[in-house]
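# Summary of the model geometry
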Amino acid sequence: MSSEIEYYKKLSNDVSSQIDKINFFDQHQKAFYVDIYSDSWSKMMEAYAKLESLSAEQLNEIEEMKWSEMPESLKIFAYDFCILNGFVFTGVGR
């Protein structure tokens, strides 16, 4: 698993803009689930729902969307939450 984490961490080093974050999200879904022991995705979704004042129904609608069709604001938030500040990635050296 650590080699996968290192791979995605290296890819994330090239991310510098909001568009880069969206593209990373669209192209590397597995990066958001690479730590099978973490519930960072569900924690991120809870934080996003709170930030956007989403109802449970609205959140459920987003979770049922195809990966690439999720809102851009979620993609950016997810990148920041899971990749940029996520525990599994912050423990890996640049």
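Note that residues are indexed from 1 along each chain, following the sequence as it is written. Totals for whole chains, interfaces and linings use all residues, but because this is a predicted model, local features are given only for residues with pLDDT of at least 70 and pairs of side-chain atoms are given and counted only at 80 or more. Excluded from the side-chain calculation are hydrogens and water; included are all heavy atoms of the structure.

### Notes on empty space enclosed by the protein
Operational definition: The way it works is a 1 Å grid over only the protein atoms, where trapped points that fit a 1.4 Å probe form a cavity and open points with protein on both sides within 12 Å along at least five of seven lines form a pocket, and then any residue with an atom within 4 Å of a point lines it. Grid points are joined across faces, edges and corners, and a volume is the space filled by probe spheres set on the points. Gly is put with the polar residues, along with every residue not named as nonpolar or charged; the nonpolar set is Ala, Val, Leu, Ile, Met, Phe, Trp, Tyr, Cys and Pro, and the charged set is Asp, Glu, Lys and Arg.
Across all of its chains, the model carries one cavity of 30 Å³ or more by this definition. In terms of lining residues, the largest cavity is bounded by Ala31, Phe32, Tyr33, Val34, Asp35, Ser38, Ser40, Cys82, Val88 and Phe89. When the residues that make up the lining of the largest cavity are grouped by side-chain class, the tally is seven nonpolar, two polar and one charged.

### Quick notes on the pattern of salt bridges
The following threshold applies: A carboxyl oxygen of Asp or Glu within 4 Å of a side-chain nitrogen of Lys or Arg is what we treat as a salt bridge. Helix and strand assignments come from DSSP, with helices taken as H or I runs of at least 4 residues and strands as E runs of at least 2, each series counted from the N terminus.
All chains considered together, the criterion is met by four salt bridges. For lysine 21, the salt bridge identified is with aspartate 80, shortest N-O distance 2.6 Å. Linking lysine 21 in helix α2 (residues 18-27) with aspartate 80 in helix α5 (residues 72-84), this pair joins segments that are 59 residues apart in sequence. The partner of aspartate 39 in a salt bridge is lysine 43, and the shortest N-O contact between them spans 3.4 Å.

### Some words on the side chain of lysine 75
Using the following cut-off: The classification of residues rests on relative accessible area computed with a 1.4 Å probe and restricted to protein chains. Under 20% of the type maximum is buried, over 50% is exposed, and intermediate values are partly exposed.
In this fold, lysine 75 is placed in helix α5. By relative accessible area, which is 3% here, lysine 75 ends up buried.

### So, helix α1 (residues 2-12)
What counts here: This arc corresponds to the set of directions leading from the helix axis out to the C-beta atoms.
Along α1, the residues classified as buried are Ile5, Tyr8, Lys9 and Ser12. Mapping the buried residues of α1 onto a view down its axis gives an arc of 105 degrees, with all of them on the same face. Relative to its buried face, α1 has exposed residues pointing more than 90 degrees away, namely Ser3 and Lys10.

### Observations regarding the nonpolar core
Applicable threshold: Residues enter a nonpolar core if they are buried and are Ala, Val, Leu, Ile, Met, Phe, Trp, Tyr or Cys, with the set joined through side-chain atoms within 4.5 Å. Any two residues whose heavy atoms approach within 4.5 Å at even a single point are treated as in contact.
In terms of nonpolar packing, the biggest core is built from 25 residues, with Phe24, Phe32, Trp41, Met44 and Ile83 touching the most fellow members. Every element with two or more residues in this core is listed here: α1, α2, α3 (40-52), α4 (56-63), α5 and α6 (87-90). Here the element with the most residues in this core is α5; it accounts for six residues. Discounting residues that sit within four places of it in the chain, isoleucine 83 has contacts with Ser12, Phe24, Ala31, Phe32, Ala78 and Phe89.

### Quick notes on the packing of α2 against α5
Quick reminder of the rule: For every element, the axis is a line fit to its C-alpha atoms; helices are fit only across the contacting stretch, and the angle between N-to-C directions ranges from 0 to 180 degrees. Angle categories are assigned with fixed cut-offs, so that under 35 degrees is roughly parallel, over 145 is roughly antiparallel, 65 to 115 is roughly perpendicular, and the rest are oblique.
At a minimum axis separation of 8 Å, α2 and α5 run at an interaxial angle of 85 degrees. Put simply, α2 runs roughly perpendicular to α5. Across the interface between the two elements, Gln18, Lys21, Ile22, Phe24, Phe25 and Asp26 of α2 pack against Glu72, Lys75, Ile76, Ala78, Tyr79, Asp80 and Ile83 of α5. Broken down by class, the residue content of the contact of α2 with α5 amounts to seven nonpolar, one polar and five charged.

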